[in-house]
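Descriptive analysis of the structure
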2 protein chains.
Amino acid sequence: MIYAGRDILRPAYLYNFGEIMEKKCINVGLIGYGTVGKGVVKILEENKKIALRKVGKPIKVKSICDLYPIDRTELYVKNFRNIIKDPEIDVVIELIGGYEPARTIIIESLKAGKNVITANKAVLAKYWDQIFTTAQECQKSIYYEAAVGGVIPVVQGLSEGLASEEILEIKGILNGTTNFILSEMTKKGVAYEEALKGAQNAGFAEADPSFDVKGVDTANKLAILASLAWGGWIKVKDISVKGIADLDIDDVLIAKNFGYDIKLIGSAEKAKDGIDLSVQPCLVNHHHAFATVENEYNAVMITGKDSGDVLFYGKGAGQGPAASAVVSDIINMSEFIVTNTAGIVPEVVYDRKKKIKILPAGRSKAPYYLRFSVADKPGVLAKISGILGKFKVSIASVSQPDMEEDGITEIIVTTHKTSRENLEKALKQIDATKSIVKAKTVKIKIEN
Amino acid sequence: MIYAGRDILRPAYLYNFGEIMEKKCINVGLIGYGTVGKGVVKILEENKKIALRKVGKPIKVKSICDLYPIDRTELYVKNFRNIIKDPEIDVVIELIGGYEPARTIIIESLKAGKNVITANKAVLAKYWDQIFTTAQECQKSIYYEAAVGGVIPVVQGLSEGLASEEILEIKGILNGTTNFILSEMTKKGVAYEEALKGAQNAGFAEADPSFDVKGVDTANKLAILASLAWGGWIKVKDISVKGIADLDIDDVLIAKNFGYDIKLIGSAEKAKDGIDLSVQPCLVNHHHAFATVENEYNAVMITGKDSGDVLFYGKGAGQGPAASAVVSDIINMSEFIVTNTAGIVPEVVYDRKKKIKILPAGRSKAPYYLRFSVADKPGVLAKISGILGKFKVSIASVSQPDMEEDGITEIIVTTHKTSRENLEKALKQIDATKSIVKAKTVKIKIEN
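Residues numbered from 1 in each chain as written. Chains lettered and ligands numbered in written order. Predicted model: local features only at pLDDT ≥ 70, side-chain atom pairs only at ≥ 80, totals over all residues. Heavy atoms only, no water.

1. Digging into the overall build of chain A
Assigned secondary structure in chain A consists of 14 helices and 18 strands. By the compact-globule yardstick of 22 Å for 448 residues, chain A fits well, its C-alpha radius of gyration being 25 Å. With the principal axes as the frame, chain A shows a C-alpha extent of 90 × 45 × 35 Å. Out of the 448 residues in chain A, the part that is buried amounts to 62%. Relative to all contacts within chain A whose residues are 6 or more apart in sequence, the contacts with residues 24 or more apart total 72%. (Helix = DSSP H or I, 4+ residues; strand = E, 2+ residues; numbered from the N terminus. Rg over C-alpha atoms; globule rule 2.2 N^0.38 Å. Buried < 20%, exposed > 50% of the residue type's maximum accessible area, 1.4 Å probe, protein only. Contact = heavy atoms within 4.5 Å.)

Listed below in structure tokens is the structure:
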């Protein structure tokens, strides 16, 4: 127990009294030395004065664990348990991704009395209950700002900045890979496969991109934000998820002509009786705040009852942004570690007894874009609009781009707000009318 | 000293051990019961379950001080010192604005061992050194999220979310009143005076709007953000300030035709040898993230070396948004008060010994919009472009809207990036050529 006045290592402006940890530095153990891990080490070295000014003691990377030996041989540790067991290490940083051994690393670290930082949305979303219950029991901190929205401080913005709010809605462009692909399709007019290759070449998509393009990554992040917003545990399986791999470039280009951009949006809306959650490609108007969110950028719009809309925007992918968020977590956490107060105030207020009702997907109403591939003959539009009307789907606009081919033509309909359930019933009946409809009708939600 | 397990008032999920304050609730004393003060009381009552879930003990407004008696007579206190002296009060909330007695309230509260929340940007910017030095000495917290950007959690976003960053640039639309006026001018094509009346009628401008329209309020907020970003004290007098009252509606409309919106922007840029600070009306391209920031909304773009651009956006004015930010401060602060840890980690890392060099205004280069009112005769453009060239001001575009009147015509020039100093020298010489130039040349910075 050393008091600041007697501790020459700490600047006078930081603390004038209070208990200060005895050790001369904060020791960090890094597990996972890929792109982000390397970025963390780089930023900690380059910005060590910034960190020192805020924390008052230096932050030191003591050990790095990775599957294979690394260039920093003096720091290399083969077995992650040697980091977890090391009594000198204050913070364990998990950057390997995936479910295992990430879950084991986080749980064992907390139980060993370590504070934990992770960028792993998959493990958080899947093991939310176990992770935060363990953190409570061990009274240790777990920070994870990099797990959602890359560099955007939206985890903190939601749980602290909007702490007083009754959250009504969260909408986000939460995946840099899909947003990059959709930007390429929109700007260059290329099909999904080609845009994916462009994203892979630019380093914004993995060799196996399925986690991203199927919407699973977005769903993981949405589950985290929704769990934070409503204080319980919202699971990925509670979310209706549709990815972007089926998107037809025709729809992207037609929508562009209508004044819309296409984005993969994760959405959580609070109704009186529960939460409606979905991940799906949506059309956004060119005047919408999301329309300017391009390439690897992410954005999250949070709507509170008193706050109104609050938007956060920044890079969702890339070494610098992700590593920057991790290092900010390290600095913020170290300010508490150095004063022996880490873990006393939990970052996530999670009550495992709180049950949150999940609504059937798509119960909340929205307008939609529809593209019907139909026989080029009279009476077709009357038939379609008749069925839509029967299911109370009200038409906002109809148009017929000049796309006739082999006797098949396209009809573009935008609807007023309608429930997805009603719309799906109508489309099922329309698509069953084989004499008229020649391909499955395309349906894309329009975001207001 | 009560431990959580034995304290039936606290839910088990919050803390499992650690010291918990003995009192049954957090007591708040409110000084200033205007629009925001009333909103704070309203939100604390309506959202008391949200607050209780996060803090674990109820938050109670114990006393309210205002110049005149209020409807809540049971809470009314005439002399603010009775709140400061009250040993039961944990948090003093200063919402009266202005310099005095706001400064006295904040300083005396800290010295009396209270934690303080304020929404007062003027007093913070002017007494930054005294306020944060006193907070350090007393080891008490002072939160002020509502002081900058209304509901936007940008104070926290900058100091914690981007804790690791070397901040390169801060740009913000920081004043709801001026943004509302500029939106009215742009949308309705009305002159400044009429737009100001519209803002006053809508409740977004004071009867005396000079603090807002002259750019002083924006400068206060910019000084706060810059002081936070670079860890010293950047003063309002360090900022070159130009307001919006002189704006000609002609320029707003011409710029609109060129694809630009006009915004009052506070800007702080870090160069190798210091910080360049300004507040001035600027043109922003329709594709810029600031272009969709309309009416009472605010936005702040922070650029870090590793993070890249991070944007925060939300309502900068109005009862709900401002009060929401104050109540979030109360909840966040109460989590520390309840665990007897408030003030141990300072929110503002301020080293009074750190000197920050301020650069002469406008040294960093930018493109500009220029409107010359000139005699409608040959050779004028050659003369003007000759003088611009002499001072190394390079022209990007020239056009001549059809605005000839009484032999005077307008020439619109946009420049490539140029230093303001060079540009001002060129304009001084051009404006001195009375045979050609018939009115002072208008110059507006273009924001990229």
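Let us keep going from here.
2. Some words on the packing of helix 7 (residues 176-188) of chain B against helix 8 (residues 192-201) of chain B
Residue and element names in this part refer to chain B. At their nearest, the axes of helix 7 and helix 8 sit 8 Å apart, and the two run at 125° to each other. Judged by the angle between their axes, helix 7 and helix 8 are oblique. Judged by the sense of rotation from one axis to the other, the crossing of helix 7 with helix 8 is right-handed. Along its contact with helix 7, which presents Phe180, Ile181, Glu184 and Met185, the element helix 8 presents Tyr192, Ala195, Leu196, Gly198 and Ala199. Its residues assigned to classes, the contact of helix 7 with helix 8 comprises seven nonpolar, one polar and one charged. (Axes fitted to C-alpha atoms, helices over the stretch in contact; angles between N-to-C directions. Parallel < 35°, antiparallel > 145°, perpendicular 65-115°, else oblique. Left-handed = near helix turned anticlockwise from the far one by under 90°. Nonpolar A, V, L, I, M, F, W, Y, C, P; charged D, E, K, R; others polar.)

3. As for the sheet that holds strand 5 (residues 76-77) of chain A
Strand order in the open sheet formed by six strands is 5-4-3-6-7-8 (chain A), with parallel pairing between adjacent strands. For this open sheet the edge positions go to strand 5 and strand 8 (142-143) of chain A, each flanked by a neighbour on one side alone. (Pairing = 2+ DSSP bridges.)

4. Looking at helix 5 (residues 121-138) of chain A
All names here are of chain A. Spanning 18 residues, helix 5 covers only 21 Å between terminal C-alpha atoms, well under the ideal 26 Å at 1.5 Å per step. Maximal helix bending in helix 5 amounts to about 90°, located at Tyr127. For helix 5, the full list of buried residues reads Ala122, Val123, Leu124, Ala125, Trp128, Asp129, Ile131, Phe132, Thr133, Thr134, Ala135 and Gln136. The N-cap residue of helix 5 is Asn120: its side-chain oxygen and the backbone nitrogen of Ala122 are 3.2 Å apart. Looking one or two residues past helix 5, Gln139 carries a phi angle of roughly 50°, positive in sign. (Expected span 1.5 Å × (residues − 1). Bend = angle between axes of the 7 residues up to and from the residue. Polar contact = N/O pair within 3.5 Å; in protein donor to acceptor, adjacent residues only side chain to side chain.)

5. Observations regarding the nonpolar core
Tyr144(A) and Tyr144(B) are the most contacted members of the largest nonpolar core, which has 145 residues in total. Ignoring anything within four residues of it in the chain, the contact list for Tyr144(A) reads Thr118(A), Leu124(A), Trp128(A), Phe132(A), Val155(A), Ile224(A), Leu228(A), Asp329(A) and Val348(A). (Core = buried A, V, L, I, M, F, W, Y, C linked by side-chain atoms within 4.5 Å.)

6. Here's the deal with the environment of Cys25(B)
You can see Cys25(B) is positioned in the loop between strand 2 (19-20) and strand 3 (26-31). When neighbours within four sequence positions are excluded, Cys25(B) is seen to be in contact with Lys57(B), Pro58(B), Lys60(B) and Asp90(B).

7. Here we look at the pattern of salt bridges
All names here are of chain A. Evaluated as defined, the whole model comprises 48 salt bridges over all chains. For Arg72, the salt bridge goes to Glu45, with nearest N and O atoms at 3.2 Å. With Arg72 in the loop between strand 4 (59-65) and strand 5 and Glu45 in helix 1 (residues 35-46), the pair connects residues that are 27 residues apart, well separated along the chain. With a relative accessible area of 44%, Glu45 lands in the partly exposed category. (Salt bridge = Lys/Arg side-chain N within 4 Å of Asp/Glu carboxyl O.)

8. A short note on the sheet that holds strand 3 of chain B
All names here are of chain B. Taken in spatial order, the six strands of this open sheet run 5-4-3-6-7-8, and their pairing is parallel. A single partner strand is all that each edge strand has here, and the edge strands are strand 5 (76-77) and strand 8 (142-143). By the bridge criterion, two bridges tie strand 4 (residues 59-65) to strand 5 in an arrangement that is parallel. Paired with Ile64 across the two strands is Tyr76, which belongs to strand 5. Docked against the sheet, helix 12 (residues 319-337) engages strand 3, strand 4, strand 6 (91-94), strand 7 (115-118) and strand 8, running at close to 165° with respect to strand 7.

9. Quick word on the packing of aromatic side chains
The tally for this structure, following the rule as stated, stands at 14 aromatic pairs over all chains. Relative to Phe132(A), the ring of Trp128(A) lies with its centre 4.4 Å away and its plane at 55°, an arrangement referred to as tilted. Placement of both Trp128(A) and Phe132(A) in helix 5 is noted, with a separation of four residues, approximately one turn of the helix. The buried category is assigned to Trp128(A), whose relative accessible area is 1%. Grouped by ring-pair contacts, the aromatic residues Trp128(A), Phe132(A) and Tyr144(A) constitute a single cluster. The residue whose ring lies beneath Arg103(A) is Tyr127(A), and the NZ or CZ to ring-centre distance is 5.6 Å. Its end group placed over the ring of Trp233(B), Lys235(B) keeps NZ or CZ at 4.6 Å from the ring centre. (Phe/Tyr/Trp six-rings, centres within 6.5 Å; stacked < 30°, edge-to-face > 60°. Lys NZ or Arg CZ within 6 Å of the ring centre and 35° of its normal.)

10. Quick look at the relation of the copies chain B and chain A
Least-squares fitting of chain B to chain A yields an RMSD of 0.1 Å, with the superposition described by an axial translation of 0.0 Å and a rotation of 180°. This pairing of chains is accounted for by a two-fold axis. Considering only C-alpha atoms, the residue of chain B closest to the rotation axis is Phe312(B), which sits at 2.5 Å. Both copies present the same face, since 100% of the interface residues in chain B are matched by interface residues at the equivalent positions in chain A. (Least-squares fit on C-alpha atoms with pLDDT ≥ 70 in both.)

11. A few points about the interface of chain B and chain A
Facing 63 residues of chain B, the contacting portion of chain A comprises 63 residues. In this structure, the connection of chain B to chain A is made through two salt bridges. The residue Glu46(A) makes a salt bridge to Lys305(B) at a minimum N-O spacing of 2.8 Å. On the surface where chain B and chain A come into contact, there are 24 residue pairs in polar contact (both at pLDDT 80 or more). Those elements giving two or more residues to the side of chain B that touches chain A turn out to be helix 1 (35-46), helix 2 (48-55), helix 5 (121-138), helix 6 (154-161), helix 10 (216-230), strand 14 (308-315) and helix 12 of chain B. Of the residues forming the side of chain B that touches chain A, the biggest block, nine residues, is contributed by helix 12 of chain B. In this structure, strand 14 (residues 308-315) of chain A lies alongside strand 14 of chain B, joined through five bridges in antiparallel fashion. Bridge assignment links Tyr313(A) to a residue of strand 14 of chain B, and that residue is Leu311(B).

12. A few points about helix 7 (residues 176-188) of chain A
Residues and elements named next belong to chain A. With 13 residues, helix 7 ought to run about 18 Å at 1.5 Å a step, and its terminal C-alpha atoms sit 18 Å apart, in line with that. Within helix 7, burial applies to Gly176, Thr177, Thr178, Asn179, Phe180, Ile181, Leu182, Ser183, Glu184, Met185 and Thr186. Lining the buried residues of helix 7 we find strand 9 (167-173), helix 8 (192-201), helix 9 (210-213), helix 11 (249-257), strand 11 (260-271) and strand 13 (297-304). Here helix 7 starts with a cap whose side-chain oxygen sits 3.2 Å from the backbone nitrogen of Thr177, and that cap is Asn175. After helix 7 finishes, the residue Gly189 shows a positive phi value of roughly 65°.

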